[in-house]
Amino acid sequence: MDVEILTYEADPDRGGFGTRVHSLIRMFAAFARVHVTMTDWFGGPRVPGVAYTALPVRDTPLTRLRRLRTYYKTDFPPRPAADPADLTVVETLDLWELAGQRADVPRVLDEHNVYWELLKYDLASAPFFSTWAGRRASVRRLLGPRLLRRAKDFEIAVIRRAEGTLVTSEADRGRVLEEAPDAADRVHVLPNTVDLDRFPDFSSGETADEAVFVGNYAYGPNREAARFVLDRLAPSLPRARFRLVGGNAAGLEPVPPNAELTGHAPDLAAVLRTAAVCLAPLERGSGTRLKILSYLASGKAVVATSKAAEGLEVADGVHLLIRDGEGPFRRAIEELLADPGLRRDLGRRGRALVQERYDWRAYVDWLRRFSAGLGMR
């Protein structure tokens, strides 16, 4: 069985997208020959026995303009000739049409998010809107709603065309089927997973006053959460130290004296080693938060909002603390910083949950059956 995974990157050290792709590669590699084709970022750790190929794909002013038809990229140069795979797994809607150049190969869409939900507050990152004309407020007001509608139409059409679609949670599956009920038998939940071996158990040895939030701050919900930490939590908890880890933090300054922006950390385990409490204060978004799984895998006590914990089989007070609103969220941090025993108990149970439900090894058999059910040769 030959499987191609088509993605713009597969680096688990760069964020949640690469973490999911890396885990999926590991799952497929347990029973198939895997070839990963990457179009944008070519760094990061490799899975032994898996072939990786760089296929650079770049936007031009013309392709950015053409994206106004669909939001997603649809025009690509011809791909180099290669032996066809039995299955192509497409990790981003931007590469769906590139995969379609090999028309006889079944395609599976891996939906990291329900993107039409995500784009409601992240449309400004559209490639056209990065151009001189696209940055004009009047252009954005005029084209934004139309482009959002076209992006949603494209996504739903892809889901209907795909031989299978993978989503991260039952909540996301429900959102998809509200719009495409005819695809119900082809939309399946494959939860986000991590590689537990990459996360040592750091439930002891932490710095007692350190609270950590990890995220890519180019993502709107993460940026809003960062503002909440810097503007509301840090000033009201002067004895705690807040570390905001992740790239694209420009513009979040100034920060209070008890907070710091550390930038991207290539080694997330080293960041989590000293954290006493890990935070997920998101109020918006879709998919499931891989940052929470990384926190739990490291044996860390976590405070998360209901939205951040959505789609994960976690229980408040058992695996983490779920709190909504500034006051309850702040008091949960205070409680954990003051109680090392509670931190250790939550960390131990959270890591055990990841081992049982959210390590990639737990889904190898499921993925093998799913792949066989697609009628692969």
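## Some remarks on the overall build of the chain
Next up, step 1: Helix and strand content of the chain: 13 helices and 13 strands.
Next up, step 2: By the compact-globule yardstick of 21 Å for 377 residues, the chain fits well, its C-alpha radius of gyration being 21 Å.
Next up, step 3: On the principal axes, the C-alpha backbone points of the chain span a range of 60 × 50 × 35 Å.
Next up, step 4: Per-residue burial over the chain gives 54% buried out of 377 residues.
Next up, step 5: Here the contacts in the chain between residues at least 6 apart in sequence split such that 65% fall between residues at least 24 apart.
Next up, step 6: Surface exposure of the chain reaches about 15,800 Å², of which carbon and sulfur atoms provide 51%.
Next up, step 7: Of the side-chain charges in the chain, 54 are positive and 51 negative, and the distance between the mean point of each set is 4 Å.

## Some words on the sheet that holds strand 10 (residues 259-263)
Within a sheet, neighbouring strands are paired by backbone hydrogen bonds and run either parallel or antiparallel to one another.
Next up, step 1: Strand order in the open sheet formed by 6 strands is 10-9-8-11-12-13, and the pairing between neighbours is parallel. Two strands lie at the open edges of the sheet, namely strand 10 and strand 13 (321-322), each paired on one side alone.
Next up, step 2: This element, helix 11 (residues 326-338), spans strand 8 (210-214), strand 9 (241-245), strand 11 (277-280), strand 12 (301-304) and strand 13 of the sheet and lies at about 170° to strand 12.

## Examining helix 12 (residues 340-358)
Next up, step 1: The end-to-end C-alpha distance of helix 12 is 25 Å, a good match for the 27 Å that 19 residues give at a rise of 1.5 Å each.
Next up, step 2: Buried within helix 12 we find Leu342, Arg343, Leu346, Gly347, Gly350, Leu353, Val354 and Tyr358. Projection of helix 12 onto a plane perpendicular to its axis shows the buried side chains occupying an angular sector of 130°, all on one side. More than 90 degrees from the buried face of helix 12, the exposed residues found are Arg348, Gln355 and Glu356.
Next up, step 3: Buried-residue contacts for helix 12 involve strand 11, helix 9 (290-297), strand 12, strand 13 and helix 11.

## Section: the packing of helix 7 (residues 220-236) against helix 11
Next up, step 1: Interhelical geometry of helix 7 versus helix 11 gives an angle of 60° and a closest axis separation of 10 Å. What the angle tells us is that helix 7 and helix 11 run oblique. Crossing of helix 7 over helix 11 shows right-handed handedness. Along its contact with helix 7, which presents Phe228, Arg232, Leu233 and Ser236, the element helix 11 presents Glu326, Phe329, Arg330 and Ile333.

Thresholds applied
Once a new chain begins, its residue numbering starts again from 1 and follows that chain's sequence as written. Since the coordinates come from a predicted model, pLDDT governs what is reported: local features require at least 70, and pairs of side-chain atoms require 80 or more to be given and counted, while whole-chain, interface and lining totals use all residues. Side-chain calculation: all heavy atoms of the structure are included, whereas hydrogens and water are not. In this text, helices come from DSSP runs of H or I with a minimum length of four residues, and strands from runs of E with a minimum of two, each type numbered from the N-terminal end. As a reference, a globule follows 2.2 Å times the number of residues to the power 0.38, and the radius of gyration itself is taken over C-alpha atoms. Buried means the residue's accessible area, taken with a 1.4 Å probe over protein chains only, is under 20% of the maximum for its type, while exposed means over 50%, and partly exposed covers the values in between. For this analysis, residues touch if any pair of their heavy atoms sits within 4.5 Å. Working definition of accessibility: Shrake-Rupley area with a 1.4 Å probe, residue cover restricted to the visible protein chains. When charges are tallied, Lys and Arg are placed among the positive residues and Asp and Glu among the negative ones, while His and the ends of the chain are skipped. Every charge is mapped onto a representative atom, which is NZ of Lys, CZ of Arg, CG of Asp or CD of Glu. Two strands are said to pair when DSSP picks up at least two bridges between them. Note on geometry: axes are lines fitted to C-alpha atoms, helical ones only across the stretch in contact, with angles between N-to-C directions running from 0 to 180 degrees. Expected helix span is given by 1.5 Å per residue-to-residue step, counting one fewer step than there are residues. Directions pointing from the helix axis toward each C-beta atom define the arc. Every angle not falling under 35 degrees, over 145, or within 65 to 115 is termed oblique; those three ranges are roughly parallel, roughly antiparallel and roughly perpendicular. The hand of a helix crossing depends on one turn: near helix anticlockwise from the far one by less than a right angle means left-handed, and clockwise means right-handed.

Spatial relationships are all this shows, so hold off on functional conclusions.
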